[in-house]
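Okay, here's what each chain looks like letter by letter:
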Amino acid sequence: MLSLAKNRNFLAILLFAFLTLLFFYQVFLGKIPIPADALVGTYLPWLDYKWGSTVGVPVKNPIISDVFSQYYPWRELVINTFRQGFVPLWNPYSFSGTPLLADWQSVVFYPLNILMLVMGNIRGWTAIIMLQPFLSMVFTYLYLQEIKLRQPAAILGAITYAFSGFLMIFLEYNSPAQTAIWLPLILFLIEKFLRQQKTFWLSGISLAIFILLSAGNFQVSFYSLTISALYLLGRLVFVHGITKTALKVFWKGIAFYLIGLGLAAIQILPTFELFQNSIRQTDKNIIMYNFGLLPLQNIVTFFAPDFFGNPATGNFWGFIYHETTGYFGIISIPLIITAIFKRHNFITTFFTSVFIISLFLVFDNPVGRLIYQLHVPLLSTSYASRALFLVDFSAAILTAFGLNNLLASRKLTLRSAFGAWIITLSITIAIALAVTILKKPLTFLSSEDIAHLSVALKNLILPLGLISFLLLGIRFISSSKLLIPLILVLAIFDLFRFGLKYNPFVPNSYLFPETPTLEFLQKNMGNFRVEREQSETLPPNTWMSYKLMSPSGYDPLYSKQYATFYNVYNGNPTKNTFTRYAELSGYNSPILDLAGVKYLVVAKRKSNGSIDKQGSISAKFSKPKFKEVFTDQSNIVLENTNVLPRVKIFGDFDIETDYQEALTKIHEGYDFSKKVILDNKPTQSSYNISPTDQAKIVSYLPNEVDIKTQTKNGGILMLTDTYYPGWKVYVNDKPQKLIVADGIFRAVEIETGESLIQFKFEPDSFKYGLWISVVSFIILGTFTLASVLRHKESNITFS
């Protein structure tokens, strides 16, 4: 029997491998799963070129630009820094320098990153994405088999989860959905532990928790840890009640959860420090989108994901598609209803509860809003719609139970599922139509309303056809050998169609190609920085892949102190209103000179503002300050003739301990070219600066900047890189006190004569996290080895 089960499991895994290769068939045609078509087909300086197309690059899905503005550039920088032999602690390219490891989404220690190191950045990135549905299927299948579901039910549940809405919408981000892989593995390991009582399985849980927490998404990690801990407690209480034995086993399990958290301390502590110092708690972006809470009418998208259209087909008219789609397949609906209303065991009761509670969390209702009204730490700064991950996972488990019930009791299942499905679908469509379209009599519908109605009704045809086909099959096909393949084929077709419709696959050549403008900047930039005209030119962070530095950037976790500086940089007063987008709008701000912005990339425009190769630059770019130094089709590169050196020695200074007050002085016209504002008093009241004094950057490494100075009388050296806790400074190998200059930059008092100044990023949060992780690994290894040697098992058994 054991050999037969192994063979059946092997065949199931072969099926999952085949489905993965089938879904990613375009990879074998030389394409990559990155929306780089939106990069070269939408933005300058790439837009001027055709990249192999006759009329320009067609853009499939423009709304997932975060992939090339955040996720891929960050991961690329992480891997390239490792290749240089450094730990990727710091990102020097955006925000005048910003933490890299501490930014959870940079995914520094995710084990699958080894594929990028071994296979190269693009191929490794593609392989990691391909592993997402494969591993999701394997782990979900193993869990469902462990809880004794029939193999067809386990296969369907695995496929439903791996290709569900949340995992498909975030497929190419390579982080949120990667995090979602690991919950079914943790549940599988819990079941193994409860049945065998071997510490080996708890050790596996600890390692799985580390991988979960290193995958780059806090919300999914939090939900996974919470759900799995409640599952462990519930399984124990359901079988044994609230007894000392059950509680002892539970706390043993929790101890290994804590070891898992300890393993991830190398990531958690730096991230917590950054969260405390970041704009995340005051970011207005999440409020603008109603905290990610879904409108009630979006219930209909569980039946028809494109009821409100799809951004990939250019007809979307709903509420942020990528934050509101939790589709788990129309085939699942009657099976879920069957599982919910059929006789319950603990697992179906548990996941029914998770399913219902998750729906309350993601939709706009008093329960969903409670998290934001109570300002629940961490969760209240996250999008509510991330709980769609739980909706999809619990739906997949209930789908598997539903098929299990169907195979056991066909007639009862058909009657209950069909009746409930018809009632639910009718109510849902009525709500959607009433709220979104039919607010007025049909005679008063505008042409736009009619177009929306047409899209909605057209996109109901396929799901209704699929579910009708399924119900007819249940009614008239008596053989399970024929019915099971029908259900699987319908589910695979439905979910593959959904995932492939949304996700673009593009030629490798689209990803950050060279252009004359970019080549000019790379050749002439040195250690200076670049800015660009907002909107159509160089979207945020894309300059990272070209190793260009900028004061701007895009990140929900960048320094609040830097965000305050950026308000002043844009010519505005200091204020506590921030957004994750730091983009230049004050092009003639004198602070560009201070921040080391040497070049500004702008577009030629017609008088009406549209981009045109024969146009000219806007009058808002003042001629005395900027001069044209390079032109390429629609692009012009302007040089800032007033730019200040990136390192400078000052003799005169003022003291202001509060960085906001210092930045207010800068905004009010402080002459930062001759004096500097310091947050601490140096040993002297001033320095006599000589014309022969000089400072030069001699090395610019990922976590260290080395500067050589020559002075007659000493002085204050300022480097216009962002200050952040953890930066230390050494003068001639001796530690010195780091001074914050002009409210945001790094400075140090230097001596007479030649000096080597080394600014090094050595955050205590990383050091403490590393020690905790190492100790946790030793503890885990000790427990695991002791368990293997003892072969000691508990008397508790589970069925």
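Fair warning: this is a prediction, and the values are worked out from it, not measured in the lab.

**Let's talk about the overall build of the protein**
Alright, step 1. The helix and strand tally for the protein stands at 27 helices and 21 strands.
Alright, step 2. The C-alpha radius of gyration computed for the protein amounts to 29 Å, which stays within 12% of the reference 28 Å derived for 799 residues, consistent with globular compactness.
Alright, step 3. Taking as baseline every contact in the protein between residues at least 6 positions apart, the subset at least 24 positions apart corresponds to 76%.
Alright, step 4. Element-wise, carbon and sulfur atoms account for 62% of the exposed surface of the protein, whose accessible area totals about 31,600 Å².

**Some points on helix α12 (residues 244-263)**
Alright, step 1. Helix length check: α12 (20 residues) gives 29 Å between terminal C-alpha atoms against 28 Å at 1.5 Å per residue, within 8%.
Alright, step 2. Among the residues of α12, those classed as buried are A246, V249, F250, G253, I254, F256, Y257, I259, G260, G262 and L263.

**Some details on the environment of I227**
Alright, step 1. Summarising the element assignment, I227 is placed in helix α11 (residues 218-240).
Alright, step 2. On the basis of relative accessibility, which here comes to 10%, the residue I227 falls in the buried class.
Alright, step 3. Apart from residues lying up to four places away in sequence, I227 is in contact with F350, V354 and L390.

**With respect to the packing of α12 against helix α13 (residues 265-277)**
Alright, step 1. Direction vectors running N to C along α12 and α13 enclose 70°, while the axes themselves pass 5 Å from each other. With respect to their mutual orientation, α12 and α13 come out roughly perpendicular. Across the interface between the two elements, L261, G262 and L263 from α12 touch A265, I266 and I268 from α13.
Alright, step 2. Taken together, the residues that form the contact of α12 with α13 break down as 5 nonpolar, 1 polar and no charged.

**Details of the pattern of salt bridges**
Alright, step 1. With the rule as written, the count across this model stands at 17 salt bridges.
Alright, step 2. Here K192 and E146 are joined by a salt bridge, their closest N and O atoms 3.6 Å apart. Here K192, found in helix α9 (residues 182-196), pairs with E146, found in helix α5 (residues 121-146); they are 46 residues apart in sequence, far enough to count as distant.
Alright, step 3. Here K620 and E533 are joined by a salt bridge, their closest N and O atoms 3.8 Å apart. On the criterion of sequence distance, the pair formed by K620 in the loop between β8 (597-603) and β9 (626-632) and E533 in the loop between β5 (529-532) and β6 (553-554) is long-range, its members being 87 residues apart.
Alright, step 4. Relative accessible area serves as the criterion here: at 37%, K620 is assigned to the partly exposed category.
Alright, step 5. Shared partners join several salt bridges into a network, and the residues in it are E146, E191, K192, R195 and R235.

**Looking at the packing of aromatic side chains**
Alright, step 1. Counted according to the given criterion, the structure contains 61 aromatic pairs.
Alright, step 2. Their ring planes at 50° and their centres at 5.3 Å tell us that F23 and F163 sit as a pair that is tilted. Residue F23 is found in helix α1 (residues 2-23), and its partner F163 is found in the loop between α6 (151-162) and α7 (165-169); the two are separated by 140 residues along the sequence. When sorted by exposure, F23 lands in the same class as F163, which is buried.
Alright, step 3. Cluster of aromatic residues (ring-pair linked, three or more members): Y143, Y161, Y231, F238, F346, F350, F351 and F393.

**What about the pairing of strand β20 (residues 745-750)?**
Regular strands have side chains that alternate between both faces of the sheet.
Alright, step 1. Within β20, 6 of the 6 residues are buried, which leaves the element mostly enclosed by the surrounding structure.
Alright, step 2. The pairing of strand β16 (residues 715-722) with β20 spans 6 bridges and is antiparallel. If you follow T722 over to β20, its bridge partner there is F745.
Alright, step 3. Where strand β19 (residues 739-741) folds back on β20, the antiparallel hairpin that results is connected by 3 residues, among which D742 adopts a positive phi of roughly 50°.

**Describing the sheet that holds strand β15 (residues 704-711)**
Alright, step 1. Taken in spatial order, the 5 strands line up as β14-β15-β21-β17-β18 in an open sheet, and their pairing is antiparallel. Here the strands that pair on one side only, and so sit at the sheet edges, are β14 (694-701) and β18 (734-736). Put simply, the sheet's adjacent strands are angled 25° from each other on average, direction ignored.
Alright, step 2. Examined bridge by bridge, β14 and β15 share 7 bridges and lie antiparallel to one another. Residue pairing across strands places Q694 opposite Q710, the latter belonging to β15.

**Points about the environment of I467**
Alright, step 1. In this fold, I467 is placed in helix α21 (residues 447-476).
Alright, step 2. In this structure, the C-alpha to C-alpha distance between I467 and M168, residues 299 residues apart in sequence, is 21 Å.

**Topic: the sheet that holds β5**
Alright, step 1. Pairing is mixed in the open sheet, where 4 strands are placed in the order β5-β8-β10-β9. Lying at the two open borders of the sheet, with one neighbouring strand each, are β5 and β9. Going from strand to strand, the sheet's axes swing by 25° on average, the running direction of each strand aside.
Alright, step 2. Looking at chain direction, β8 and strand β10 (residues 635-640) are connected through 5 bridges and run antiparallel. By the bridge assignment, A603 is partnered in β10 with N635.

Conventions we followed
Throughout, residues of each chain are indexed from 1 in the direction in which the sequence is written. Confidence filtering applies because this is a predicted model: local features only for residues at pLDDT of at least 70, side-chain atom pairs given and counted only at 80 or more, and all residues used for totals across whole chains, interfaces and linings. Excluded from the side-chain calculations are hydrogens and water; all other atoms, namely the structure's heavy atoms, are used. A run of H or I in DSSP becomes a helix once it reaches four residues, and a run of E becomes a strand once it reaches two; helices and strands are each numbered from the N terminus. For a compact globule the rule gives 2.2 Å times the number of residues to the power 0.38, and the radius of gyration it is set against comes from C-alpha atoms. Residue contacts are counted whenever heavy atoms from the two residues lie within 4.5 Å of one another. Methods summary: accessible areas were calculated by the Shrake-Rupley approach with a probe of 1.4 Å, and residue burial reflects only the protein chains presented. Take the number of residues in a helix, subtract one, and multiply by 1.5 Å to get its expected span. Partly exposed residues are those whose accessible area sits between 20% and 50% of the maximum for their type, while under 20% is buried and over 50% is exposed, using a 1.4 Å probe and protein chains only. With axes taken as lines fitted to C-alpha atoms, and helix axes fitted only over the stretch in contact, angles between N-to-C directions fall between 0 and 180 degrees. Any angle that falls under 35 degrees is termed roughly parallel, while one over 145 is termed roughly antiparallel, one within 65 to 115 roughly perpendicular, and all others oblique. As a working rule, the residues Ala, Val, Leu, Ile, Met, Phe, Trp, Tyr, Cys and Pro are called nonpolar, Asp, Glu, Lys and Arg charged, and the rest polar, with Gly in that last group. By salt bridge we mean one thing: a side-chain nitrogen of Lys or Arg within 4 Å of a carboxyl oxygen of Asp or Glu. We call Phe, Tyr and Trp rings a pair once their centres come within 6.5 Å, taking the six-membered ring for Trp, and we label the pair stacked below 30 degrees between planes, edge-to-face above 60, and tilted otherwise. Whether two strands pair comes down to DSSP finding at least two bridges between them.

All we've got here are geometric facts, nothing functional implied.
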